[in-house]
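The lines below spell out each chain.
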Amino acid sequence: MSEAPVLYRRVLLKLSGEALMGELDYGIEPDVIQRIAAEIAAVQKLGIEVAIVIGGGNIFRGAGLARAGMDRVTGDYMGMLATVMNALAIQDALESLDVYARVMSAIQIHEVCEDYIRRRAVRHLEKGRVVILAAGTGNPFFTTDSAASLRAIEIGADVLLKATKVSGVYDSDPMLNSEASLFDTVSFDKVLVDKLNVMDATAIVMCRDNDLPLRIFSMTEKDTLVRAMTDADVGTLVTA
């Protein structure tokens, strides 16, 4: 039996910082990051170019710090630095699996990573390197969801993959409603109008206006990321 053909040539994977915590309350769970790295390596072996945008919520979240009384701009920059820490951890996990990876940051930290330059990022992808894009957009008041949409559009990704703790997009919160229904496909406009909390509104609008499909799926189950490369039924596809 022949293997199923891959659906994408180049993808951008959006990972939340919380995805790295596992069962911990804070920080990075080594077993979890190794499992995620192994799945990313398996995707690359399919011949797919992989870029990653990582959040920092497992360490700092700017909006949360602002609600606690900190200046929002200061909090957001702290959150950006947290994403750099997570990006370096993912790079290390990938390199332990003999996968070449580059961290590119929207803010300059030359001692530990490269500056984000779009053409250089694309070149890394073409050479078979995983590109980990850190520090969001480099600007306060923008989430890493918005950064993921922006970077996916800039590098010409075929799809934006959003890894979450749930299986896809539901018509209501599955954590609160046991009868919530999972969408196979849903439109960007419905996500916005019904406030389905897939990603922030800026990210959704950017995907819609640039014809970038968005796939929402859970990474809590083993090998889901790999299956999403060949199975169009994994998670929920958000399109125009």
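The structure contained in this document is the topic of the report that follows. Keep in mind that this is a model prediction, so the values were computed, not measured. (Residues numbered from 1 in each chain as written. Predicted model: local features only at pLDDT ≥ 70, side-chain atom pairs only at ≥ 80, totals over all residues. Heavy atoms only, no water.)

### Comments concerning the environment of Val 130
- Tracing the chain through its elements places Val 130 in strand S5 (residues 130–134).
- Along the backbone, Val 130 and Val 50 are 80 residues apart, and their C-alpha atoms lie at a distance of 5.3 Å. (Helix = DSSP H or I, 4+ residues; strand = E, 2+ residues; numbered from the N terminus.)

### Overview of the packing of helix H5 (residues 144–155) against helix H7 (residues 201–209)
- Remark: H5 packs on H7, axes separated minimally by 7 Å, with the N-to-C direction vectors making an angle of 20°. Taken together, the axes of H5 and H7 are roughly parallel relative to one another. Regarding H5 and H7, the two cross each other, and that crossing is left-handed. Counted together, Asp 145, Ser 146, Ser 149, Leu 150 and Ile 153 of H5 and Thr 202, Ala 203, Met 206 and Cys 207 of H7 form the full contact between these two elements. (Axes fitted to C-alpha atoms, helices over the stretch in contact; angles between N-to-C directions. Parallel < 35°, antiparallel > 145°, perpendicular 65-115°, else oblique. Left-handed = near helix turned anticlockwise from the far one by under 90°. Contact = heavy atoms within 4.5 Å.)

### Here we look at H7
- Turning to H7, its buried residues are Ala 203, Ile 204 and Cys 207. Take H7 and look down its axis: the buried residues cluster within an arc of 100°, on one side only.
- N-cap assignment for H7: the residue whose side-chain oxygen lies 3.0 Å from the backbone N of Thr 202 is Asp 200.
- Downstream of H7 by one or two residues, Asp 211 has phi in the positive range, about 55°. (Buried < 20%, exposed > 50% of the residue type's maximum accessible area, 1.4 Å probe, protein only. Arc of directions from axis to C-beta. Polar contact = N/O pair within 3.5 Å; in protein donor to acceptor, adjacent residues only side chain to side chain.)

### Structural notes on the environment of Phe 142
- Among the structural elements, Phe 142 can be located in the loop between S5 and H5.
- Once the C-alpha coordinates of Phe 142 and Thr 202 are considered, the two residues, 60 residues apart in sequence, prove to be 8.7 Å apart.

### Notes on unusual backbone geometry
- Positive phi, normally seen in glycine, also occurs at Lys 195, with a value near 50°.
- With respect to the helices, strands and loops of the structure, Lys 195 is situated in the loop between helix H6 (188–193) and H7.
- Positive phi, normally seen in glycine, also occurs at Asp 211, with a value near 55°.

### Quick look at the pattern of salt bridges
- Applying the stated rule across the entire model yields 11 salt bridges.
- Taking the shortest distance from any N to any O, the salt bridge between Asp 189 and Arg 208 comes out at 3.0 Å. Taken as a pair, Asp 189 in helix H6 and Arg 208 in helix H7 lie far apart in primary sequence, 19 residues in all.
- Each of the salt bridges in this network shares a partner with another, and the network as a whole consists of Lys 14, Asp 145 and Lys 162. (Salt bridge = Lys/Arg side-chain N within 4 Å of Asp/Glu carboxyl O.)

### Quick notes on the nonpolar core
- Counting residues in hydrophobic clusters, the biggest one holds 41 residues, and the most contacted among them are Leu 15, Ile 40, Leu 94, Val 130, Ile 132, Leu 225 and Met 229.
- Mapped by element, the contributors of at least two residues to this core are strand S1 (10–15), helix H1 (30–45), strand S2 (49–54), helix H3 (72–95), strand S3 (101–105), S5, strand S6 (159–164) and helix H8 (224–228).
- Per element, the largest residue contribution to this core is 7 residues, and it comes from H1.
- Every residue in contact with Val 130, bar those within four places of it in the chain, is listed here: Ile 40, Gln 44, Val 50, Ile 52, Leu 94, Val 99, Tyr 100, Ala 101 and Arg 102.
- Counting residues in each nonpolar core, the second largest holds 30 residues, with Leu 160, Phe 188, Met 199 and Val 238 among its members. (Core = buried A, V, L, I, M, F, W, Y, C linked by side-chain atoms within 4.5 Å.)

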